[in-house]
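# Examining the three-dimensional arrangement
So you can see what is in the structure, the chains are spelled out below.
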Amino acid sequence: MPPKVLVVDDNMVNLKLICELLELDEYEVLKAGNAEEALQVIDNFPLDLILMDIELPGIDGLTLTRQLKERENTKNIPIIAVTAFAMKGDAQKAYGAGCDGYITKPIDTRKFTDQINGFIKGLNP
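Note that this is a predicted model, so its numbers are computed, not measured. (Residues numbered from 1 in each chain as written. Predicted model: local features only at pLDDT ≥ 70, side-chain atom pairs only at ≥ 80, totals over all residues. Heavy atoms only, no water.)

### Observations concerning the state of the cysteines
Summed over all chains, the structure comprises zero disulfides. With no disulfide partner, C19 has as its closest neighbouring cysteine sulfur the one in C99, 18 Å distant. The class of C99 is buried, set by a relative accessible area of 5%. (Disulfide = S-S within 2.5 Å. Buried < 20%, exposed > 50% of the residue type's maximum accessible area, 1.4 Å probe, protein only.)

See the structure below:
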């Protein structure tokens, strides 16, 4: 059974690219453009991994990550921050909010699925 990944990103170009890369690697991919959509998906599907954009409209990705890590039914879902914010200290903010990993945009399409495979394997040995 392929891993089920939720991609949360409000930029449709990024969302499409990430989803296509994962689908080519035979992941089952679910999409959300904001925190509210993400919560609907999370409450209705068992997930193996969440790829979370940090800058979302309304509730930002770090706030949503904190909320998910506090909930009993979602605290163990690995969350990887995928963000264009690569300033000094941003990775620490992501990890501090509960993210299990950090990938910067623009993503390297040659390495992206290997990075995701590493997270999946590393979190589910």
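### A few points about the pairing of strand β3 (residues 49-52)
Of the two faces of β3, the one carrying L49 and L51 and the one carrying I50 and M52 are both buried. Where strand β1 (residues 4-8) meets β3, four bridges bridge the pair, whose relative direction is parallel. Across the sheet, L6 pairs through a bridge with I50, a residue of β3. Judged from the three bridges that link them, β3 and strand β4 (residues 79-83) form a sheet pairing that is parallel. (Helix = DSSP H or I, 4+ residues; strand = E, 2+ residues; numbered from the N terminus. Pairing = 2+ DSSP bridges.)

### Digging into the UniProt feature "modified residue: 4-aspartylphosphate" (unreviewed entry) in the protein
Within the UniProt annotation, "modified residue: 4-aspartylphosphate" (unreviewed entry) is assigned to D53. Within the secondary structure, D53 sits in the loop between β3 and α3 (61-70). Assessed through its relative accessible area of 5%, D53 is described here as buried. Every residue in contact with D53, bar those within four places of it in the chain, is listed here: V8, D9, D10, G61, V82, T83 and K105. (UniProt positions renumbered as here; feature names shortened; annotations may be inferred. Contact = heavy atoms within 4.5 Å.)

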